[in-house]
Amino acid sequence: MNPLKRLGRRRASVLSLLAVGALVTPVAATAAPDAVRASTLGAQAAQSGRYFGTAVAAGRLGDGTYSTILDREFNSVTPENEMKWDATEPSRGSFTFGAADQIFNRATARGQRVRGHTLVWHSQLPGWVSSIRDANTLRGVMNNHITTVMNRYKGRIHSWDVVNEAFADGGSGQMRSSVFRDVLGTGFVEQAFRTARSADPAAKLCYNDYNIEDWNAAKTQGVYRMVRDFKSRGVPIDCVGLQAHFGAGGPPASFQTTLSNFAALGVDVQITELDIAQAPPTAYANTVRACMNVARCTGITVWGIRDSDSWRSSENPLLFDRGGNKKPAYQSTLTALGGSAATQRSGVRSDRSAARSHKSAAALPSRFSWNSSGKLISPKSDATHNIAGIKDPTVVQYNGKYHVFASVAGSSGYNLVYLNFTDWSQAGSATHHYLDRTAIGAGYRAAPQVFYYAPQRLWYLVYQTGNASYSTNPDISNPNGWSAPRHFYSSMPDIIKQNIGNGYWVDMWVICDSANCYLFSSDDNGHLYRSQTPVGQFPNGFTNTVIAAQDSKFALFEASNVYKVQGSNQYLLLVEAVGSDGRRYFRSWTASSLAASWTPLAASESNPFAKSGNVTFPAGAWTRDISHGEMIRAGYDQTLTIPPCKLQYLFQGKDPNADGDYNLLPWRLGLLTQTNSSC
Ligand code: 9MR
């Protein structure tokens, strides 16, 4: 937004001209389809609410072929070795998280979920643990290990393999000999789960094992009895991980029965380490279909990306060959995730969840409804800042906190403020740090956007100064760490000069895919502009500015946001419009790539993305404007990834009766939460 333009704006919104039916939209008016066939494993799995993950080795992340497939195909990762005991606590009480953090931070920045693997396992266990003979010592060491490792990633790991491979192979159905069983007795498993629940109550706690896929195996029965016993006594357990390291024949005939029977105990099941000798397409499809047919089978992880990455590399058991090409099993897996019955083994019974998976939902719905919070953030004037309104928020979640940057407006003009808090209930009491006191400096700075630019390990704050400007900071939580403003452009691009009319150049927004970064901006005159530069050149090189979308002035006004929808190949564009009632609202479009044309999603006054008409206000209708803000993202990096479900949007609103000088309007921040999420 631009403060210089504002006087008279609301008067100018006497806009019966704005009957939405008369708007000229430059893109096809097709509605989003109910079901879309996704083109990646993660996106296809997400359509039935599942994840599709892979084991990741920190040492391979520098390999471009590997990381490209990782980011394209998978929405969950499991560190292959980096969270194991020998990696995280090689000597007693001395914890090392370098490689684990590397995988964790990379994944979470991209909106990929993380499975934790593994806390208590007899293998890859340092000698100092396996030589303990005293039960109290071992119990203390085990509890401390679980607590310390879980605490590091608290609230941010979706499932933990708390205990791995505690049962013996063969016909006994009993636990195997290990230092844990031998010194602590079989009760060590219960002890580990109880400790894990206290350490991170948000994580799903799994028991994980191999050779428990065949319902008739004694080992499967042993694990089943343990889980049944845990559930009956209230020992905290949420999931069973079936590793699924299969021979060329694929899963046993009873695999789906095993999944269903565990699920019937009241736990989720997950396929946690899938690989199949020679990767026969039918064997993969049968494995995936068994999961799709069980409602509580919540996700599938393959144990590596390319055959060359596999622990059983000579058997070529994975979905990508050594060159990173998709193998036939890739296609059969993708098809099976989409619910096709083509490869279903006869005699395998489908339950109701199978029927559900056939009509998978689109990544985003085409209608939205929301609940609004009350006012969560209001200005805090101090001796040198007389603030009338707090506006244009940008927000990321990082290190367990929300970090919010916003414009502050008053009689002396516009600048920026920063605050952080752990919980929305604390947003109102957070300290406001005024950024005019930092190297960002005084004067006109407004409409911030924040993200972490992972290739440079730097936070960027993008904002408008009349030009498109940015500052960088290695530490988002340090308001004094921001650099002085620099500009993306030497001056306003010609195409903007030619189209801006009486408008203003406002609301710069950066988003990157794996190849390019794009800089969007608006002109308050019906144009959305887009410039582009290769990822390696960012923040320089934004040239070739084009009109990305256009409409009448108030129908495509300002405050655009562009996001990647997690687990899909969809991008979402939001643009703020001024309605026929003079109130602000958001329209939405989607596209399959950032440079593609935008297709309307919920893009009209009668079917808006967010307008007072599709928002309920349980705490009182404190605003009729749903104005400039941003989505709560799934990650925090330059890909601007948002979840497909349960959307939340931080916005500016104001007292409907407030009037007068635009710069003095009492804007406050509130939070929308989607109420019609289908997943
Ligand atoms: O894939 C892992 C391999 O790199 C390690 O050398 C090996 C060491 O035990 O562990 C492999 O992963 C195992 C997993 O952690 C637990 N289930 C069996 C997996 C294959 O051995």
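Please refer to the structure higher up on the page.
Keep in mind that what you see is a predicted model, and the values were worked out from it rather than measured.

The rules we used
Residues numbered from 1 in each chain as written. Predicted model: local features only at pLDDT ≥ 70, side-chain atom pairs only at ≥ 80, totals over all residues. Heavy atoms only, no water. Helix = DSSP H or I, 4+ residues; strand = E, 2+ residues; numbered from the N terminus. Rg over C-alpha atoms; globule rule 2.2 N^0.38 Å. Buried < 20%, exposed > 50% of the residue type's maximum accessible area, 1.4 Å probe, protein only. Contact = heavy atoms within 4.5 Å. Disulfide = S-S within 2.5 Å. Pairing = 2+ DSSP bridges. Phe/Tyr/Trp six-rings, centres within 6.5 Å; stacked < 30°, edge-to-face > 60°. Lys NZ or Arg CZ within 6 Å of the ring centre and 35° of its normal. Expected span 1.5 Å × (residues − 1). Core = buried A, V, L, I, M, F, W, Y, C linked by side-chain atoms within 4.5 Å. Near = heavy atom within 4 Å. Polar contact = N/O pair within 3.5 Å; in protein donor to acceptor, adjacent residues only side chain to side chain. Areas by Shrake-Rupley, 256 points an atom, 1.4 Å probe, with all protein chains shown as cover. Nonpolar A, V, L, I, M, F, W, Y, C, P; charged D, E, K, R; others polar. Salt bridge = Lys/Arg side-chain N within 4 Å of Asp/Glu carboxyl O. Axes fitted to C-alpha atoms, helices over the stretch in contact; angles between N-to-C directions. Parallel < 35°, antiparallel > 145°, perpendicular 65-115°, else oblique. Left-handed = near helix turned anticlockwise from the far one by under 90°.

Colleague: Please clarify how the overall build of the protein chain should be interpreted in this entry.
Modeller: The number of helices and strands found in the protein chain is 14 helices and 31 strands. Against the globule reference of 26 Å for 679 residues, the protein chain gives a C-alpha radius of gyration of 27 Å, in line with a compact fold. Taking the principal axes of its C-alpha atoms as reference, the protein chain extends roughly 80 × 55 × 45 Å. Within the protein chain, the fraction of its 679 residues that count as buried is 61%. In the protein chain, once contacts between residues fewer than 6 apart in sequence are set aside, the share between residues at least 24 apart is 66%.

Colleague: I keep staring at the side chain of Thr220 and nothing clicks. Help me out?
Modeller: Residue placement: Thr220 occurs in helix 9 (residues 218-233). The exposure class of Thr220 is buried, given its relative accessible area of 0%. When neighbours within four sequence positions are excluded, Thr220 is seen to be in contact with Asn211, Ile212, Glu213, Asp214, Trp215, Thr258 and Phe262.

Colleague: What is the right way to read the state of the cysteines from this model?
Modeller: By definition, a disulfide is the covalent link that joins the sulfur atoms of two cysteine residues. Applying the stated rule across the entire model yields three disulfides. Here Cys291 engages in a disulfide with Cys297; their sulfurs sit 2.0 Å apart. The sign of the -100° torsion about the S-S bond sets the Cys291-Cys297 disulfide as left-handed. When its relative accessible area of 0% is taken as the criterion, Cys291 is described as buried. Classification of Cys297 as buried rests on a relative accessible area of 0%. The disulfide partner of Cys512 is Cys517, and the S-S distance across this bridge is 2.2 Å. Its torsion about the S-S bond being 100°, the disulfide of Cys512 and Cys517 is classed as right-handed. Taken individually, Cys512 and Cys517 each receive the classification buried, so the pair is uniform in this respect.

Colleague: Help me out: how do you make sense of the sheet that holds strand 12 (residues 401-410) in this one?
Modeller: Sheet strands pair via backbone hydrogen bonds, and the direction of the pair is either parallel or antiparallel. Taken together, the four strands give an open sheet; going across it, the order is 11-12-13-14, and neighbouring strands pair in antiparallel fashion. In this open sheet, the two strands that pair with only one neighbour each are strand 11 (389-398) and strand 14 (433-434). Where strand 12 lies against strand 13 (residues 413-421), nine bridges are found, and the strand directions are antiparallel. Its bridge partner lying in strand 13, Gly410 is registered against Gly413.

Colleague: Even after reading the chapter, I still don't get the packing of aromatic side chains, so can you show me in this structure?
Modeller: By convention here, two paired aromatic rings are described through the distance between centres and the angle between planes. Taken as a whole, this structure holds 42 aromatic pairs when the rule is applied. Each ring, one from Phe246 and one from Phe255, has its centre 5.7 Å from the other, and the planes form 85°; the classification is edge-to-face. Grouped by ring-pair contacts, the aromatic residues Phe451, Tyr453, Tyr460, Tyr470, Phe488, Phe538 and Phe542 constitute a single cluster. Over the face of the ring belonging to Tyr210 we find Lys219, whose NZ or CZ atom lies 3.5 Å from the ring centre. Taking the ring centre of Tyr585 as reference, the NZ or CZ of Lys611 above it sits at 5.3 Å.

Colleague: Would you mind going over helix 6 (residues 135-152) with me for this structure?
Modeller: One full turn of an α-helix is made of 3.6 residues, so residues set three or four places apart face in the same direction. When the terminal C-alpha atoms of helix 6 are compared, their 26 Å separation across 18 residues agrees well with the 26 Å that a helix rising 1.5 Å per residue should span. Looking only at helix 6, the buried set comprises Leu138, Val141, Met142, Asn143, His145, Ile146, Val149 and Met150.

Colleague: Would you explain the environment of Val223 in this entry?
Modeller: Topologically, Val223 is positioned in helix 9. Since its relative accessible area comes to 0%, Val223 is described here as buried. For Val223 and Ser612, which are 389 residues apart along the polypeptide, the C-alpha to C-alpha distance reads 53 Å.

Colleague: I tried to follow helix 12 (residues 328-337) on my own but got confused; where do I start?
Modeller: Most of helix 12 is tucked away: seven of the 10 residues are buried. Buried-residue contacts for helix 12 involve helix 1 (41-46), strand 1 (51-56), helix 2 (64-73), helix 11 (281-292) and strand 9 (297-302).

Colleague: Please clarify how the nonpolar core should be interpreted in this entry.
Modeller: The biggest cluster of nonpolar side chains holds 97 residues, and the ones touching the most others in it are Trp160, Val163, Phe180, Phe188 and Phe193. Per-element accounting of this core gives the leading share, seven residues, to helix 11. Dropping the residues within four chain positions of it, Phe188 is found in contact with Val120, Met142, Val163, Ala166, Met175, Phe180 and Arg181.

Colleague: Where do I start with the site of the ligand in this structure?
Modeller: Lining the immediate surroundings of the ligand are 14 residues, of which Glu80, Lys84, His117, Glu165 and Glu273 lie closest. Take Glu80: an N or O atom from its side chain is 2.4 Å from an oxygen atom of the ligand. Separating an oxygen atom of the ligand from a side-chain N or O atom of Lys84 is a distance of 2.6 Å. The fraction of the free accessible surface of the ligand (460 Å²) that becomes covered by protein chains is 75%. The residue inventory of the shell around the ligand, partitioned by class, reads three nonpolar, seven polar and four charged.

Colleague: Would you explain the pattern of salt bridges in this entry?
Modeller: Taken as a whole and judged by the stated rule, the model has 30 salt bridges. Between Arg194 and Glu190 there is a salt bridge, with its nearest N and O atoms 3.1 Å apart. Taken together, the residues Arg194 and Glu190, both in helix 8 (residues 188-199) and four residues apart, mark about one turn of the helix. A residue is classified by how much of its surface remains accessible, and Arg194, at 37% relative accessible area, is partly exposed. On the basis of relative accessibility, which here comes to 19%, the residue Glu190 falls in the buried class. Among the ionic pairs, Asp238 bridges to Arg197, the shortest N-O distance being 2.9 Å.

Colleague: Explain the sheet that holds strand 24 (residues 571-578) to me, please; I cannot follow it from the model alone.
Modeller: Across the sheet, five strands lie side by side as 26-25-24-23-29; this open sheet has mixed pairing. A single partner strand is all that each edge strand has here, and the edge strands are strand 26 (599-600) and strand 29 (641-642). Pairing of strand 24 with strand 25 (residues 584-591), which is carried by eight bridges, proceeds in the antiparallel orientation. Bridge assignment links Leu573 to a residue of strand 25, and that residue is Trp589.

Colleague: Whenever I open this one, the packing of helix 8 against helix 9 confuses me. Can you help?
Modeller: Angle between the axes and distance between the axes: these two values describe a pair of packed helices. One way to put it is that helix 8 packs onto helix 9 with a least axis distance of 12 Å and a crossing angle of 50°. The pairing of helix 8 with helix 9 is recorded here as oblique in orientation. Of the two possible hands of crossing, helix 8 and helix 9 adopt the one that is right-handed. Contacts between helix 8 and helix 9 pair Val189, Glu190, Phe193 and Arg194 from the former with Met226, Phe230 and Arg233 from the latter. Residue composition of the contact of helix 8 with helix 9, by class: four nonpolar, no polar and three charged.

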